[in-house]
Amino acid sequence: MRPRHLVISALIGAPLALAGWLWLTMLSPFTYERPDHLAPINDGPHEVFVYGTLRVPPIRWVVLGERVDTRPATLSGWRRTGLDLEPAPGERVEGEVLTVDAEALRRLDRYERLGIRYERVRLPLDDGGEAWVYRRLPETQGAVLSS
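Bear in mind that the values here come from a model prediction, so they are computed numbers and not experimental data.

Calculation criteria
- Residues numbered from 1 in each chain as written.
- Predicted model: local features only at pLDDT ≥ 70, side-chain atom pairs only at ≥ 80, totals over all residues.
- Heavy atoms only, no water.
- Pairing = 2+ DSSP bridges.
- Helix = DSSP H or I, 4+ residues; strand = E, 2+ residues; numbered from the N terminus.
- Phe/Tyr/Trp six-rings, centres within 6.5 Å; stacked < 30°, edge-to-face > 60°.
- Lys NZ or Arg CZ within 6 Å of the ring centre and 35° of its normal.
- pLDDT = per-residue confidence, 0-100.
- Contact = heavy atoms within 4.5 Å.
- Polar contact = N/O pair within 3.5 Å; in protein donor to acceptor, adjacent residues only side chain to side chain.
- Core = buried A, V, L, I, M, F, W, Y, C linked by side-chain atoms within 4.5 Å.
- Buried < 20%, exposed > 50% of the residue type's maximum accessible area, 1.4 Å probe, protein only.

Looking at the pairing of strand E4 (residues 118-124)
Here comes step 1: Sheet topology places E4 next to strand E5 (residues 130-136); seven bridges connect them, and they run antiparallel. The residue bridging Glu119 from the neighbouring strand is Arg135, located in E5.
Here comes step 2: Between E4 and E5, which follow one another and run antiparallel, lie five residues, and Gly128 among them has a positive phi close to 95°.

And the structure:
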């Protein structure tokens, strides 16, 4: 194969490989099975506080399959440590709140690997509201959650 063909193949192949990986890890029903011990998701709007990759609009769009408006939010008494939050009096985490329906919450749960990698808990926000927040599960433990 000539060098020019290699460059063209790389320019086409890399985005296709990335798109395939994103689909498999974030959207595919084949790479996540919702654990049986999790409560069903209630209908209606759900507010979700995001503080990491889901603050990036293109990632949010890939995960949710649609554009979702956000609003700035702050979570006091917590600090971000890597991929998680930990209680920290006097500190705050800046983030955004997404308002989503039950299907979008299912997609977020799949992205976060709810019950396997993360748990979803309700926490109070600085504005007086409350939102779902994804927190890392301990490596050796699962969690029972409600919606």
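Details of the packing of aromatic side chains
Here comes step 1: Inspection of the entire model under this criterion finds one aromatic pair.
Here comes step 2: Considering the side-chain rings of Phe49 and Tyr51, the 6.3 Å spacing of their centres and the 25° angle between planes classify their relative orientation as stacked.
Here comes step 3: Over the ring of Tyr118 we find Arg136; its NZ or CZ atom is 5.2 Å from the centre of that ring.

Describing the environment of Glu33
Here comes step 1: Relative to the assigned elements, Glu33 resides in the loop between helix H1 (3-27) and strand E1 (46-50).
Here comes step 2: In the structure, Glu33 is positioned 80 residues away from Arg113 in sequence and 8.5 Å away in space, judged by C-alpha atoms.

A word on the confidence of the model for the chain
Here comes step 1: In this model, the chain carries an average pLDDT of 85, and 82% of its residues clear a pLDDT of 70 or more.
Here comes step 2: pLDDT under 50 marks residues 140-147. Its contacts with residues more than four places away, or in other chains, come to 21 contacts.

What about the side chain of Arg120?
Here comes step 1: Among the secondary structure elements, Arg120 is positioned in strand E4.
Here comes step 2: Among the polar contacts listed, one links the side chain of Arg120 to the side chain of Asp109, at a separation of 2.9 Å.

Re the nonpolar core
Here comes step 1: In terms of nonpolar packing, the biggest core is built from 32 residues, with Val48, Phe49, Leu75, Val100, Leu105 and Leu108 touching the most fellow members.
Here comes step 2: For this core, the elements supplying multiple residues, two or more each, are E1, helix H2 (57-64), strand E2 (70-81), strand E3 (84-100), helix H3 (102-112), E4 and E5.
Here comes step 3: Setting aside residues no more than four positions away along its own chain, Leu75 makes contact with Phe49, Leu85, Glu91, Arg92, Val93, Leu123, Pro124, Leu125, Asp126 and Val133.

A short note on unusual backbone geometry
A negative phi angle characterises most non-glycine residues, just as the trans form characterises most peptide bonds.
Here comes step 1: For Arg113, which is not glycine, the phi dihedral falls at a positive 60°.
Here comes step 2: If you trace the backbone, Arg113 turns up in the loop between H3 and E4.
Here comes step 3: You can call Arg113 buried: its relative accessible area is 13%.

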